[in-house]
Every structure is written in C-alpha cells, then in structure tokens.
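Reading the structure
Chain by chain, the residues run as shown.
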Amino acid sequence: MESAENMNKSDDLTRRLTELSQVLIADDGLDASLQRVATLSTSLIGSCDGCGVSLAHHGTVSTRAASDDRADRVDEIQYKYEEGPCLHAIETGKAVQVESFDDETRWSKFIEHAREEGIQAS
C-alpha cells in the first residue's frame with residue numbers, strides 16, 4: 001500500500017507535469033511559454049535552483065527565458081567565455097549533467113565564475 005506522503009508527492013508531480021504540458025498548447029506566445037518552462041523546471045527537477053532557456057539562432061546563442069536573475073547571469077558567463085554545459089549541449093546535441101564542478105575538467109573559466117554565483121553543479 002502506498003503511503004499518504006508518496007501519494008501526495010505523486011499527485012504533486014502529476015499536477016506539475018500537467019501544468020508543464022499545457023505550456024506547449026498555450027496561446028500566450030513563445031516568450032511567455034518559455035518563461036513558464038524555465039520557472040516550472042526548477043520545481044520539477046530535483047535539486048534544481050535555477051533554469052535558463054537558451055536558443056541558438058544563426059550562430060548566436062542567447063537566453064530567451066530564465067527562472068531568476070542568477071540563472072540569467074550564469075548563462076551570460078557561458079556566452080562571455082564561450083564555454084559551459086549549455087553551450088556544450090547545444091554544440092553536441094546531447095544533454096549534459098554535471099553532478100559536481102569539483103570533478104569537472106572542462107570549462108574552467110565558466111566554472112570559476114559560476115562558483116562565484118554559488119553554482120556547484122549543472
């Protein structure tokens with residue numbers, strides 16, 4: 001039998017996933033939809049404190065939406081130094097997950113400045 005706590009977590013996750021899926025069919029426009037994705041992602045992804053949505057267009061990458069100012073600043077660090085997990089994901093077409101910057105050897109400039117923002121993983 002499932003505990004009440006697990007049922008509440010399951011109901012909450014179902015509600016959040018439903019809300020996120022509605023983003024895809026909303027008529028609010030692209031920017032409003034991307035903003036909702038960024039905001040909702042922080043509550044859907046475990047241990048996620050911030051989220052930015054980066055878009056690549058004609059060789060230029062920019063943050064189209066961010067859950068908060070810090071997420072936006074961290075994206076800007078990547079663009080400034082032309083390195084980081086989001087840019088790597090865009091370049092390779094593969095998701096990037098970094099459990100801890102302590103063990104990461106790529107993107108040294110990005111990691112140094114991301115840590116100044118309090119970021120330890122991506």
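Up top is the structure.
Residues numbered from 1 in each chain as written. Predicted model: local features only at pLDDT ≥ 70, side-chain atom pairs only at ≥ 80, totals over all residues. Heavy atoms only, no water.

**So, the environment of D31**
For clarity, the threshold we go by: Numbered from the N terminus, helices here are DSSP runs of H or I no shorter than four residues, and strands are runs of E no shorter than two. Each residue's exposure class comes from its accessible area (1.4 Å probe, protein chains only) as a fraction of the maximum for that residue type: buried when under 20%, exposed when over 50%, partly exposed otherwise.
The topology assignment puts D31 in helix α2 (residues 30-44). For D31, a relative accessible area of 40% puts it in the partly exposed group. Considering only alpha carbons, one finds D31 and R64, 33 residues apart in sequence, at a separation of 6.9 Å.

**Things to note about unusual backbone geometry**
At H58, a residue that is not glycine, the phi angle is positive and equals roughly 55 degrees. Tracing the chain through its elements places H58 in the loop between β1 (52-57) and β2 (60-66). At W107, a residue that is not glycine, the phi angle is positive and equals roughly 60 degrees. Structurally, the position occupied by W107 is in the loop between α4 (85-92) and α5 (108-116).

**Comments concerning the nonpolar core**
Counted only if it meets this: Throughout, nonpolar core names a set of buried Ala, Val, Leu, Ile, Met, Phe, Trp, Tyr and Cys residues whose side chains join them through atoms within 4.5 Å.
With 9 residues, the main nonpolar core is built from V74, I77, V98, F101, W107, F110, I111, A114 and I119. When residues of this core are traced back to their parent elements, those giving at least two are α3 (69-81) and α5. Take this core: its biggest share by element is 3 residues, from α5. In this structure, L34, A38, C51 and A65 belong to the second largest nonpolar core, which totals 5 residues.

**Some thoughts on the pairing of β1**
Our working definition: Each pair of strands is called paired provided DSSP finds at least two bridges between the two strands.
Examined bridge by bridge, β1 and β2 share 6 bridges and lie antiparallel to one another. Looking across to β2, one finds that S54 is bridged to T63. Hairpin geometry of β1 and β2 is characterised by an intervening segment of 2 residues between the two adjacent antiparallel strands and by a positive phi of about 55 degrees at H58.

**Structural notes on the packing of α3 against α4**
Selection rule: Between the N-to-C directions of two axes lies an angle of 0 to 180 degrees, each axis being a line fitted to C-alpha atoms and, for a helix, fitted only over the stretch in contact. In what follows, residue pairs with any heavy atoms lying within 4.5 Å of each other are defined as contacts. Polar here means any residue other than Ala, Val, Leu, Ile, Met, Phe, Trp, Tyr, Cys and Pro, which are nonpolar, and Asp, Glu, Lys and Arg, which are charged; Gly is therefore polar.
It is at 8 Å that the axes of α3 and α4 come closest, and there the two elements cross at 65 degrees. Facing α3, whose interface residues are D75, Q78 and Y79, α4 presents P85, C86 and L87. The class makeup of the residues in the contact of α3 with α4 is 4 nonpolar, 1 polar and 1 charged.

**Here we look at the environment of R73**
Put simply, the rule reads: Polar contacts here mean pairs of N or O atoms no more than 3.5 Å apart (in protein, one a potential hydrogen donor and the other a potential acceptor; neighbouring residues in sequence count only if both atoms are side-chain atoms).
Along the chain, R73 turns up in helix α3. Put simply, R73 and T63 are 10 residues apart on the chain and 9.6 Å apart in space, counted from C-alpha to C-alpha. Within polar-contact distance, the side chain of R73 engages the side chain of E117 at 2.9 Å.

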